[in-house]
Amino acid sequence: MRSTFGSPVLDAAARLLAPFMWLFAAYVVIHGHESPGGGFQAGVIVAASIILLRLVRGRLAASVLTSRDALTLACLGPLLYGGIGIASFFFGGNFLDYGVFPFPMEPSEVRAMGTLGIEIGVAVGVAGVLVLIFDALARWEDGTL
Amino acid sequence: MIRRLTVLLLAPALVVLLQAAADLPEVGDSTAPAFAHVAPYYLAHAHEETGAANYVTAVLADYRGYDTFGELTVIFTAGLACLLILGVCDKATPGRDGA
Amino acid sequence: MIDLLGPLFLLLMVVCALAALNAKDLLSAVTIFGAFSFFSAVYFVVQDAPDVAFTEAAVGAVITTVFFVCAIQRTSEDDQ
């Protein structure tokens, strides 16, 4: 990135906003069963908070989540999703058949737990990919991530 | 000249589209074709089967989980394609300048 | 009154689209496009589709705008 537009006011505002954006993202993904929201929206909110920090604070904020971490997250998301799908093979179910997991709960709650797992996978993957695209677009002057 | 030609060509298209839009079912019409097949089953059983009060999540993440997996794969592939096209790579990685 | 909200936001979307087409430079066009996304998100809320509205507000109004601005910056760098 050529320059950032940091100023004390923007800096303070971004620092104040970021934790609440993370909290809201956690709420959106966990409460997605009862209210509008889900993994995709939560991932976008997390990515928006990290992009905000990068826009305002520049290279200082890269330590929050480096581009390599973002790449790792982007790969971990689909891995978690597919892993949960494949894990249901081992309990005698079909691919992505979460009802077979041996949790001590009601059958519908077991399915809800499986759904929560894949929503977290979607959120992690989407957040990683969006931060990665931003870093690729607005990379540092020396061409490195 | 080109602009006038465009308007001339697009005006009939607008008329046709508005004509077609008039035949679309009303918003929330329960007899619409989209609500005729699986939607009643989802409305009746989604809560007890998946434990989700938000039926959009129930359909996206549970009944149609395989679709969502494909969607996540598409997003992941798009991110990798962005990295490749924008030519981002670490200077320390060999292969960029023949190093 | 509540019935008029949908057409009102559709009209605002059309106005935003025309303004973005006629904008002088790309940066203002992108900003107006963000406003377009926001109005479309509000329109989805009026149409009882909060999930879609949520996605549209987060992706359309925030992420795409930032990506477009970055792309404009990159392309104008290459022009110099």
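Values in this document were obtained by computation on a predicted structure and should not be read as measured data. (Residues numbered from 1 in each chain as written. Chains lettered and ligands numbered in written order. Predicted model: local features only at pLDDT ≥ 70, side-chain atom pairs only at ≥ 80, totals over all residues.)

S.K.: Mind showing me how you'd approach the overall build of chain A here?
M.R.: Check the secondary structure of chain A and you find four helices and zero strands. In chain A, the succession of α and β elements from N to C terminus is α-α-α-α. By the burial criterion, 43% of the 145 residues in chain A qualify as buried. Sequence separation of 24 or more characterises 66% of the internal contacts of chain A that already satisfy a separation of 6 or more. (Helix = DSSP H or I, 4+ residues; strand = E, 2+ residues; numbered from the N terminus. Buried ≥ 20, exposed ≤ 12 C-beta atoms within 10 Å, placed from the backbone. Contact = placed C-beta atoms within 7 Å.)

S.K.: Teacher, can you tell me more about the overall build of chain B here?
M.R.: When helices and strands are tallied, chain B shows four helices and zero strands. Helices and strands appear in chain B in the N-to-C order α-α-α-α. Buried positions account for 17% of the 99 residues belonging to chain B.

S.K.: Honestly, the interface of chain B and chain A in this entry has me stumped. Any pointers?
M.R.: Accessible area lost on assembly of the parts is the figure often given for the size of an interface. With 26 residues of chain B at the contact, the number on the chain A side is 32 residues. When residues of the side of chain B that touches chain A are traced back to their parent elements, those giving at least two are helix H2 (39-50), helix H3 (55-63) and helix H4 (65-85) of chain B. Of the residues in the side of chain B that touches chain A, the class split is 13 nonpolar, eight polar and five charged. (Nonpolar A, V, L, I, M, F, W, Y, C, P; charged D, E, K, R; others polar.)

S.K.: When you look at the packing of helix H3 (residues 67-87) of chain A against H4(B) in this model, what are you seeing that I'm missing?
M.R.: Any two packed helices are characterised by how steeply their axes cross, that is the angle between the axes, and by the distance between the axes. One way to put it is that H3(A) packs onto H4(B) with a least axis distance of 10 Å and a crossing angle of 160°. It follows from the interaxial angle that H3(A) and H4(B) lie roughly antiparallel. The interaxial crossing formed by H3(A) with H4(B) has left-handed handedness. Taking contact as the criterion, the partners of Ala74(A), Gly77(A), Pro78(A), Tyr81(A), Gly82(A) and Gly85(A) in H3(A) are, on H4(B), Phe69(B), Leu72(B), Thr73(B), Phe76(B) and Gly79(B). Counted by class, the contact of H3(A) with H4(B) contains six nonpolar, five polar and no charged residues. (Axes fitted to C-alpha atoms, helices over the stretch in contact; angles between N-to-C directions. Parallel < 35°, antiparallel > 145°, perpendicular 65-115°, else oblique. Left-handed = near helix turned anticlockwise from the far one by under 90°.)

S.K.: Is there a simple way to explain the confidence of the model for chain B in this structure?
M.R.: Caution is warranted with low-pLDDT regions, since their predicted coordinates should not be read in detail. All names here are of chain B. When pLDDT is averaged along chain B, the result is 82, and 87% of the positions lie at 70 or above. Per-element confidence in chain B ranges from a low mean pLDDT of 85 for H2 to a high of 92 for helix H1 (residues 2-22). Note on residues 92-99: pLDDT under 50 across the span, and two contacts to partners over four residues away in sequence or across chains. On the interface metric, ipTM, the complex scores 0.84, and its pTM is 0.85. (pLDDT = per-residue confidence, 0-100.)

S.K.: What should I look at first to understand the nonpolar core in this one?
M.R.: Side chains of a nonpolar character, in soluble globular proteins, are inclined to be buried together. Core analysis: the biggest nonpolar cluster contains 54 residues, and Val44(A), Ala47(A), Ala123(A), Val126(A), Ala127(A), Leu130(A) and Val131(A) have the highest contact counts within it. Of all elements in the fold, only helix H1 (8-30), helix H2 (39-57), H3 and helix H4 (107-137) of chain A, H3 and H4 of chain B together with helix H3 (50-79) of chain C reach the threshold of two or more residues within this core. With 16 residues, H4(A) is the largest single contributor of residues to this core. Membership of the second largest hydrophobic core comes to seven residues, among which are Phe9(C), Phe38(C), Phe39(C) and Tyr43(C). (Core = buried A, V, L, I, M, F, W, Y, C linked by C-beta atoms within 7 Å.)

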